[in-house]
Protein chains: 2
Amino acid sequence: MSPRAFVPGHVTGFFSAHPHENPERAGSRGAGLALSDGVRVTVELADETVIRLNDRLVSMAAVEGVLDRLGVTAQIEAETPLPVSAGFGVSGASALGTALATNALTAEKRTENELVAIAHAAEVEAGTGLGDVVGQARGGVPIRLEPGAPPRGQFDGLPIPAPARSRVEYVTFGGLDTAEIIGGDTDRLSRAGENALTTLLERPTLDQFMAASRMFAHEAGLLTDRVEATIENVQEAGGEASMAMLGETVFALEDGLSAAGYDPTVCQITDGARIE
Amino acid sequence: MSPRAFVPGHVTGFFSAHPHENPERAGSRGAGLALSDGVRVTVELADETVIRLNDRLVSMAAVEGVLDRLGVTAQIEAETPLPVSAGFGVSGASALGTALATNALTAEKRTENELVAIAHAAEVEAGTGLGDVVGQARGGVPIRLEPGAPPRGQFDGLPIPAPARSRVEYVTFGGLDTAEIIGGDTDRLSRAGENALTTLLERPTLDQFMAASRMFAHEAGLLTDRVEATIENVQEAGGEASMAMLGETVFALEDGLSAAGYDPTVCQITDGARIE
């Protein structure tokens, strides 16, 4: 049987960018949520690498980078209900799932940290993310204290609330180009991200995470009109919402979006990546 | 509703002891398994601290140490199918579960690392464990690379195998006095533990973990006759077994004990501690 990995989706609420010539040391500081809507990745060793996402042939540089680092070619099947390029870390999840599932097939075995480092470095080199992979590996409400893959990266988290209170809702209006934003001038964004992290660590709760995320979205200048209006509508209905970095996506705690009259997708905060 | 935490049981296969005057920095290096047989802890704030384990009044220094550090008194109900003092980390699990569930009740909130550090320090001061709490927080197949609580302690893990291959069986013949062993001369034990960790990191697989654990149990001189005979019987039947540190307990991968004719308790490798 071909091994299959499940990797949670990951929305980042805020972040600062920390480039480094070594992709394992490059990354971001910030915080996010790991979501039960994620990516399932099945791997079969093959003479030539073929990657399918929801049954369509795709090119995913982060996945190819993982296979190169592991020294194999393989047929990769990734399946996800998540929208692509909308801030859910689909490329990072595909890379991490490929690393975990391939490890179950190869003669040489690696630890979780080594597999996370391989997926993180491939994602950074592809330019598609700076912090999703490490958040997806950890699960829950990951806080990235120091950038990069383990052992360099350092992590903490908020305690995951009880299942009855860990519901997350989201709506997506469209994509944003992650590579363009994190490849551009990130000074303003990173200052806002550092402020947001300080704010969260002063009071480490989910409500504070949402407030810090909104503050970041405003200060970093990333809000679109539709996203801003939706967040305001959720807040007026008494809920907590912010923008998924980087996508034109609004996520809300509990029933925040549906209480404000939207028809959101519903999922849960969940544990980290695993073999199924 | 009173918050409830689930904390997995944790069997250590091998370890080295690393004392330090600061209990957050004291700890162990080594590796183990987080088990789906664990401890459920319910907390209710109360005028006086009362601790019950499986409905019986008990005194648990590690749990009291957690409540002291959090500055509260509370009624603690811990329930577990695990045998006590038999190498499953029941005291560490009770301490960590108390920290997590109490955090859901108090006005001041803490991050996961802070709660793990509080439970780890209380457990070290109680003398009942050096590495269970951090392993129970992480879940899976935790490897303790550097001793102590986060951020000082550093961790890795083996990828958890698919559910169909993550079965663990155990039998317990009796308890061992953890405080006596880790409070005594640990030089020989720690040398054996460092060797075992090097062996595991050379080939990070579950089979290698079991082999390194058996090597440790022999070198450290901790095997009892009953434990040694049981491990041999499992190996003769083609299985993988070793001794839980520190208890007169044998644990085996998959159906190792039942295939050798024993009537073991069955559980699974599982994720880390969580609020239920």
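Structure first, text after, so check above.
Residues numbered from 1 in each chain as written. Chains lettered and ligands numbered in written order. Predicted model: local features only at pLDDT ≥ 70, side-chain atom pairs only at ≥ 80, totals over all residues. Heavy atoms only, no water.

**Side note on the nonpolar core**
Within the largest apolar cluster, 85 residues are counted, with the highest numbers of intra-cluster contacts made by A:Phe14, A:Leu33, A:Phe209, A:Phe216, A:Leu222 and A:Phe251. Top element by residues in this core is helix H2 (residues 90–103) of chain A. It accounts for seven residues. When residues no more than four places from it in sequence are discounted, the contact partners of A:Phe216 are A:Gly13, A:Phe14, A:Phe15, A:Leu189, A:Ala192, A:Gly193, A:Ala196, A:Leu222 and A:Met245. In terms of nonpolar packing, the next biggest core, distinct from the first, is built from 83 residues, B:Val72, B:Phe88, B:Ala93 and B:Ile182 among them. (Core = buried A, V, L, I, M, F, W, Y, C linked by side-chain atoms within 4.5 Å. Buried < 20%, exposed > 50% of the residue type's maximum accessible area, 1.4 Å probe, protein only. Helix = DSSP H or I, 4+ residues; strand = E, 2+ residues; numbered from the N terminus. Contact = heavy atoms within 4.5 Å.)

**Quick look at the relation of the copies chain A and chain B**
The operation linking the two copies of the chain is a rotation about an axis combined with a translation along the axis. Rotating chain A by 180° and translating it 0.0 Å along the rotation axis places it on chain B, where the RMSD comes to 0.0 Å. One copy is carried onto the other by what is essentially a two-fold rotation axis. Taking C-alpha positions as reference, the residue of chain A nearest the rotation axis is A:Asp271, located at 3.9 Å. Comparing interface residues between copies, 100% of those in chain A also sit at the interface in chain B, which points to an isologous, same-surface contact. (Least-squares fit on C-alpha atoms with pLDDT ≥ 70 in both.)

**Details of the pattern of salt bridges**
In a structure, side chains of opposite charge can pair up when their charged atoms sit close to one another. Residue and element names in this part refer to chain A. Across all of its chains, the model carries 22 salt bridges over all chains by this definition. Notably, a salt bridge pairs Glu240 with Arg214, separated by 2.9 Å at the nearest N-O pair. Here Arg214 lies in helix H7 (residues 206–219) and Glu240 lies in the loop between helix H8 (225–236) and strand S9 (241–243), a separation of 26 residues in the sequence. With relative accessibility at 14%, the residue Arg214 sits in the buried group. Note that Glu248 is salt-bridged to Arg226, the shortest N-O span being 2.9 Å. Placement of the pair is Glu248 in strand S10 (residues 247–253) and Arg226 in helix H8, with a sequence separation of 22 residues. Overall, Glu248 belongs to the buried group, its relative accessible area being 9%. Shared partners join several salt bridges into a network, and the residues in it are Arg4, Arg40 and Glu276. (Salt bridge = Lys/Arg side-chain N within 4 Å of Asp/Glu carboxyl O.)

**Focus: the interface of chain A and chain B**
Taken residue by residue, the interface counts 28 residues in chain A and 28 residues in chain B. Carbon and sulfur atoms make up 50% of the surface buried where chain A meets chain B, a total of about 2,100 Å² over both sides. For the chain A face of the interface with chain B, the top three residues by lost area are A:Thr111, A:Glu112 and A:Pro159, together amounting to 24%. Remark: the boundary between chain A and chain B carries two salt bridges. The partner of A:Arg138 in a salt bridge is B:Glu112, and the shortest N-O contact between them spans 2.6 Å. At the junction of chain A with chain B, the criterion picks out 14 residue pairs in polar contact (both at pLDDT 80 or more). (Buried area = accessible area lost by both parts, 1.4 Å probe. Polar contact = N/O pair within 3.5 Å; in protein donor to acceptor, adjacent residues only side chain to side chain.)

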